[in-house]
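A structural walkthrough
Chain by chain, the residues run as shown.
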Amino acid sequence: MMTAPGLILFYGGLVRRKNVLSTMAHSLILMAIVSTLWMVYGYSMAFGKGNAFCGNPFQYFLLRGVGSAPNPDYAPTVPQQSFMLFQMMFAIITPALISGAIAERIKFRAYVLFTVLWVTIVYFPLCHMVWGTGGLFNWALGGRYPVLDFAGGTVVHVSSGTSALVCALVLGKRVGFPHEPMLPHNVVLSLIGAGLLWVGWFGFNAGSAGNAGALATNAFAATHFSAAAAALGWAVAEWKLKGKPSVLGIVSGMVAGLATITPASGFV
């Protein structure tokens, strides 16, 4: 859960002072919106038994039947309710990644409507296709076109990255860009947020093993060393190109390393 406040601080520090609260509110409101939708029908659409594209939205409607008994298809060693909450955080963080691409250029109510529609039409079905029973791309449960996605490379990063690009193209440039300086208002906030992201990412990647065993340890190690190597690589690149590294560059490398290793963290 540390990744959500991490993104709030990370994005909040990167925008101009006049837009700090609205940008942070975008990430904050997702906790409420997506959690509610996940409870009502989202978990059921993602992990209920349906067809290759979407789960049955009524199987776990209002979390009916989601209790202390494990779900053997997904996490046989933990209560299904724990698995449901763990997956809910993926659902929350994914549209939050999109908000970074549309910061300072969208009204709050428009973003709320976009979030409701996006998670319902894009995220919940895609989550089922990659991770759900009978899903089209599920590598572990017999999907027709298996995709190796251990902790969210397709479900989280490809979906949010593609959507962020489309949103940025549709909304266009910020007013005044590139003629007016638009420097981050508080890099310290972004640095604190990045620290929370680095720690919180261990929960996502290692936790996707579903237990505290060798697989979780492998994902933990791969995640940490990928982030460290990417941060160092970005710093060295800036050193050679600009004469000195920057804090924002090192942070960018770190986040890139975390995102890149996510789908493969359990396989390398």
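Please refer to the structure higher up on the page.
Rules of the game
- Residues numbered from 1 in each chain as written.
- Predicted model: local features only at pLDDT ≥ 70, side-chain atom pairs only at ≥ 80, totals over all residues.
- Heavy atoms only, no water.
- Helix = DSSP H or I, 4+ residues; strand = E, 2+ residues; numbered from the N terminus.
- Buried < 20%, exposed > 50% of the residue type's maximum accessible area, 1.4 Å probe, protein only.
- Contact = heavy atoms within 4.5 Å.
- Areas by Shrake-Rupley, 256 points an atom, 1.4 Å probe, with all protein chains shown as cover.
- Phe/Tyr/Trp six-rings, centres within 6.5 Å; stacked < 30°, edge-to-face > 60°.
- Axes fitted to C-alpha atoms, helices over the stretch in contact; angles between N-to-C directions.
- Parallel < 35°, antiparallel > 145°, perpendicular 65-115°, else oblique.
- Left-handed = near helix turned anticlockwise from the far one by under 90°.
- Nonpolar A, V, L, I, M, F, W, Y, C, P; charged D, E, K, R; others polar.
- Salt bridge = Lys/Arg side-chain N within 4 Å of Asp/Glu carboxyl O.

1. With respect to the overall build of the protein chain
- When its secondary structure is counted, the protein chain shows eight helices and zero strands.
- Ordered by position from the N terminus, the helices and strands of the protein chain form the series α-α-α-α-α-α-α-α.
- Counting only C-alpha atoms, the protein chain reaches 55 × 40 × 30 Å along its principal axes.
- Per-residue burial over the protein chain gives 44% buried out of 268 residues.
- Within the protein chain, contacts between residues at least 6 apart in sequence are counted, and of these 66% link residues at least 24 apart.
- Carbon and sulfur atoms provide 72% of the accessible area of the protein chain, an area that totals close to 12800 Å².

2. Examining the packing of aromatic side chains
- Counted according to the given criterion, the structure contains 19 aromatic pairs.
- Here Phe90 and Phe204 contribute two aromatic rings whose centre-to-centre distance is 4.4 Å and whose plane-to-plane angle is 45°, an arrangement assigned as tilted. Taken together, the residues span a long stretch of sequence, with Phe90 in helix H3 (residues 80-99) and Phe204 in helix H6 (residues 187-207) at a distance of 114 residues. Phe204 matches Phe90 in its accessibility class, with the two residues each being buried.
- Members of the aromatic cluster, joined through ring pairs, are Trp38, Tyr41, Tyr43, Phe47, Tyr60, Tyr74, Phe83, Trp118, Tyr123 and Phe124.

3. Thoughts on unusual backbone geometry
- Residue Leu63 is not a glycine yet carries a positive backbone phi of 60°.
- Residue position: Leu63 is located in the loop between helix H2 (20-47) and H3.
- You can call Leu63 buried: its relative accessible area is 19%.
- Phi angles above zero are rare outside glycine, and Glu104 is one such case at about 75°.

4. As for the packing of H2 against helix H4 (residues 108-131)
- Relative to each other, H2 and H4 sit at 40°, their axes nearing to 9 Å. One finds that H2 runs oblique with respect to H4. In this structure, H2 crosses over H4, and the sense of that crossing is right-handed.
- A breakdown of the residues in the contact of H2 with H4 according to their chemical character gives 21 nonpolar, five polar and no charged.

5. Some details on the pattern of salt bridges
- Taken as a whole and assessed by the stated rule, the structure comprises one salt bridge.
- Between Glu238 and Lys242 there is a salt bridge, and its shortest N-O distance comes to 3.9 Å. Placement of the pair is Glu238 and Lys242 together in helix H7 (residues 214-242), with a separation of four residues, close to one helical turn.
- Relative accessible area serves as the criterion here: at 9%, Glu238 is assigned to the buried category.
- Looking at Lys242, the relative accessible area reads 64%, which means it is exposed.

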